[in-house]
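Structure assessment
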Protein chains: 2
Amino acid sequence: MSEPIDFYFDFTSPYGYFMSEKIDAVAARFERKVRWHPILLGLVFKETGAQAPIGLPLKGPYMARDVLRTGRFLGIPYRHPSKFPLPTQAAGRAYYWLHGQDCGLARRFAHAVYRALFVEGRDISAPETVIALAADLGANAGVLAAALATPEVKERLQAETAAAIARGVFGSPYVVIDDEPFFGVDRLPQIEMWLEKGGF
Amino acid sequence: MSEPIDFYFDFTSPYGYFMSEKIDAVAARFERKVRWHPILLGLVFKETGAQAPIGLPLKGPYMARDVLRTGRFLGIPYRHPSKFPLPTQAAGRAYYWLHGQDCGLARRFAHAVYRALFVEGRDISAPETVIALAADLGANAGVLAAALATPEVKERLQAETAAAIARGVFGSPYVVIDDEPFFGVDRLPQIEMWLEKGGF
């Protein structure tokens, strides 16, 4: 039995969203499971000294165009949100709390958060939005709202981000298969070849 | 008759090397020509504030691994050179001078420089190496050596780099097809779809 594939992402990452729409199906073709790990890219960039690419000269305008084209290329609906990039603490914290209750629910919640941001243009930095998305999937809104304010829940997201950095994660999406790292949704063809051949 | 595709690259860029081994054949399938533009990434990064990725925390070690794997994925021979990254002024200047004499020779020279660095591990920052590579292809070594020292030849490479920056080029490889920009060798599948469909 192979280890699950690890998928690291930030909820404000468009390429992370694209990967989220693909990775489970690709893994399933090779009878592999995927562990999802939302992280905070802000903490990662503090560690590495990098900046959000969308804010960089020349690269930022390129990325704005490339994201739209890459969505069309991959056949994934995408509309660029007006509020972007945005903080993802609430979404990341809610994910791990939900995961502690029901891991299938957490997966559906992650999809809902990404689609709320990148298809519907909703402000997923607001805890109310995050709680509403979870409640739509059957979570108890009041219990989740209370949990989001606890130190344990805040620390969990920080610890997951620290563990990701320790593993070498420097951006989103970042996928690790049997210790082999793949950065970016454009590594999907290499990921498929790797799973098919067991490395190359 | 369509405009040629523009291909911008620095001779010290491994992903630029991979693109150099692919782009002409891809373009030819769609009856398109390619204009090659060696540039100096050092000048580009001075403009954008970026740094060579190989030197960045976490991203650098990832890239060292990704380059080897991407070479295997694309079926292109690659050995990581011990001297890397290195200055490419001599190679870039020689390219444009040779292009003024014989554009086919310049293309063969560019392939020779890239393969000397990324297959044979030669130090292509040394003008002697660059001149020897050109001489092997039939260029006059003495005339080229004299040309490399002239202000006109030096300025040509700077002007080409400035023109690239003005067009939005922020890294290598960077391909422009009918004003649509594609950054990175991992955009080859999108380039092929773009050429096949005339945009998407």
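Look up a bit, the structure's there.
The notes below deal with the structure included here. (Residues numbered from 1 in each chain as written. Chains lettered and ligands numbered in written order. Predicted model: local features only at pLDDT ≥ 70, side-chain atom pairs only at ≥ 80, totals over all residues. Heavy atoms only, no water.)

**Points about helix H9 (residues 151-166) of chain A**
Residues and elements named next belong to chain A. Taking 1.5 Å of rise per residue, 16 residues should cover 22 Å, and H9 covers 22 Å from first to last C-alpha, within 8% of that figure. All of the buried residues in H9 are Val153, Leu157, Glu160, Thr161, Ala164 and Ile165. Down the axis of H9, the buried set is contained in an arc of 140°. They therefore lie on one face. Exposed residues lying more than 90 degrees from the buried face of H9 are Glu152 and Ala166. (Helix = DSSP H or I, 4+ residues; strand = E, 2+ residues; numbered from the N terminus. Expected span 1.5 Å × (residues − 1). Buried < 20%, exposed > 50% of the residue type's maximum accessible area, 1.4 Å probe, protein only. Arc of directions from axis to C-beta.)

**Describing the pairing of strand S3 (residues 174-177) of chain B**
Residues and elements named next belong to chain B. Residues of S3 alternate between two faces, with Tyr174 and Val176 on one and Val175 and Ile177 on the opposite face, all of them buried. For strand S1 (residues 5-9) and S3, the ladder comprises 3 bridges, and the chain directions are antiparallel. When the sheet's bridge partners are listed, phenylalanine 7 is paired in S3 with valine 175. Bridge count between S3 and strand S4 (residues 180-183): 4 bridges; the pairing is antiparallel. When the sheet's bridge partners are listed, valine 175 is paired in S4 with phenylalanine 182. Where S3 folds back onto S4 in an antiparallel hairpin, the turn is made up of 2 residues, including aspartate 178, whose phi is positive at roughly 50°. (Pairing = 2+ DSSP bridges.)

**A closer look at the packing of helix H5 (residues 89-101) of chain A against H9(A)**
For any two helices packed against each other, one specifies the inter-axial angle together with the distance between the axes. Residues and elements named next belong to chain A. Contact geometry of H5 with H9 gives a least axis separation of 9 Å together with a crossing angle of 95°. What the angle tells us is that H5 and H9 run roughly perpendicular. Mapping the contact onto sequence places Gln89, Gly92, Arg93, Tyr96 and Trp97 in H5 and Val153, Lys154, Arg156, Leu157 and Glu160 in H9. (Axes fitted to C-alpha atoms, helices over the stretch in contact; angles between N-to-C directions. Parallel < 35°, antiparallel > 145°, perpendicular 65-115°, else oblique. Contact = heavy atoms within 4.5 Å.)

**Re the layout of surface pockets**
If you add up the space inside the second largest pocket, you get close to 380 Å³. Phe73(A), Asp186(A), Pro189(A), Asp186(B) and Pro189(B) are the residues nearest the centre of the second largest pocket, which is lined by 22 residues in total. At the level of secondary structure, the elements contributing two or more residues to the lining of the second largest pocket comprise helix H4 (59-74) and helix H10 (188-197) of chain A together with helix H4 (59-74) and helix H10 (188-197) of chain B. Here the lining of the second largest pocket is composed, by residue class, of 11 nonpolar, 4 polar and 7 charged. (1 Å grid on protein atoms, 1.4 Å probe; cavity = no way out; pocket = protein on both sides within 12 Å on 5 of 7 lines; lining within 4 Å. Points joined across faces, edges and corners; volume = space filled by probe spheres on them. Nonpolar A, V, L, I, M, F, W, Y, C, P; charged D, E, K, R; others polar.)

**A look at the sheet that holds strand S2 (residues 34-38) of chain B**
Note on sheets: strands pair through backbone hydrogen bonds, and any given pair is parallel or antiparallel. Residue and element names in this part refer to chain B. Taken together, 4 strands build an open sheet; the order of strands is S2-S1-S3-S4 and the sheet is mixed. What marks the edges here is a single partner per strand, and that holds for S2 and S4. Strand-to-strand twist of the sheet, defined as the mean angle between neighbouring strand axes without regard to direction, takes the value 20°. This element, helix H6 (residues 103-118), spans S1 and S2 of the sheet and lies at about 50° to S2.

**Comments concerning the pattern of salt bridges**
If you walk through the whole model with that rule in mind, you get 34 salt bridges over all chains. Two residues, Asp179(B) and Arg167(B), come together in a salt bridge whose shortest N-O distance is 3.6 Å. Here Arg167(B) lies in the loop between helix H9 (151-166) and S3 and Asp179(B) lies in the loop between S3 and S4, a separation of 12 residues in the sequence. A relative accessible area of 57% places Asp179(B) in the exposed class. Counted as one network, the salt bridges with shared partners bring together Arg65(A), Asp66(A), Arg69(A), Glu180(A), Asp186(A), Arg187(A), Arg65(B), Asp66(B), Arg69(B), Glu180(B), Asp186(B) and Arg187(B). (Salt bridge = Lys/Arg side-chain N within 4 Å of Asp/Glu carboxyl O.)

**Points about the interface of chain A and chain B**
When the parts of a complex come together, some accessible area is lost, and that lost area is often used as the size of the interface. Contacts between the two partners involve 29 residues from chain A and, on the opposite side, 29 residues from chain B. Note on chain A versus chain B: buried area summed over both sides is about 2800 Å², and carbon and sulfur give 58% of it. Where chain A touches chain B, the interface holds 8 salt bridges. The partner of Arg187(B) in a salt bridge is Asp66(A), and the shortest N-O contact between them spans 2.8 Å. Counting every contact that joins chain A to chain B gives 20 residue pairs in polar contact (both at pLDDT 80 or more). Within the residue set of the side of chain A that touches chain B, elements represented by two or more residues are H4, strand S4 (180-183) and H10 of chain A. In terms of residue count, H4(A) provides more of the side of chain A that touches chain B than any other element does, 8 residues in total. A per-class count over the side of chain A that touches chain B returns 16 nonpolar, 4 polar and 9 charged. (Buried area = accessible area lost by both parts, 1.4 Å probe. Polar contact = N/O pair within 3.5 Å; in protein donor to acceptor, adjacent residues only side chain to side chain.)

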